[in-house]
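Here are the chains, one letter per residue:
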Amino acid sequence: MDMRVDTNALIDGASSITEAIEIIEFLIGIVEKRLKLAGEEFTSINYTRTSNRVATATDALNDMNARLEMAKKYLGKLMECVEAYNRIRF
């Protein structure tokens, strides 16, 4: 029995993960830039509290990106296995 596995779904998944990572990185950049600009305008306890909350949020986003990168890596390994399987001929 000869069987071939289509890798298009895996490739689409990897592209989607890459796009999500890029969007999250872009959003983190915007948040950090705006917070920096706000910090130049005033200093107060409220700014410090807000800045701490934003730091917590960006840390969570960075963690999400790290997990997406790991998922992308594992998806790449899965694609390699599927392609190796597709090359096997009986």
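In what follows, the structure referred to is the one given above.
Residues numbered from 1 in each chain as written. Predicted model: local features only at pLDDT ≥ 70, side-chain atom pairs only at ≥ 80, totals over all residues. Heavy atoms only, no water.

Chemist: So what's going on with helix 1 (residues 8–41)? Which residues, and what values?
Modeler: Its 34 residues place the ends of helix 1 50 Å apart at the C-alpha level, agreeing with the 50 Å of an ideal helix rising 1.5 Å per residue. When helix 1 is considered as a whole, its buried residues turn out to be L10, A14, I17, I21, I24, I28, L35 and G39. (Helix = DSSP H or I, 4+ residues; strand = E, 2+ residues; numbered from the N terminus. Expected span 1.5 Å × (residues − 1). Buried < 20%, exposed > 50% of the residue type's maximum accessible area, 1.4 Å probe, protein only.)

Chemist: So what's going on with the nonpolar core? Residues and values would help.
Modeler: Ranked by size, the top nonpolar core spans ten residues in total: L10, A14, I17, I21, I24, I28, L68, L75, M79 and V82. In terms of residue count, helix 1 provides more of this core than any other element does, six residues in total. (Core = buried A, V, L, I, M, F, W, Y, C linked by side-chain atoms within 4.5 Å.)

Chemist: I'd like a rundown of the pattern of salt bridges, residues and numbers included.
Modeler: The tally for this structure, following the rule as stated, stands at one salt bridge. For the salt bridge of R67 with D63, the shortest nitrogen-to-oxygen distance reads 3.0 Å. In this pair, R67 and D63 both sit in helix 2 (residues 45–87), four residues apart, roughly one turn of the helix. (Salt bridge = Lys/Arg side-chain N within 4 Å of Asp/Glu carboxyl O.)

Worth remembering: the numbers are spatial, not functional.
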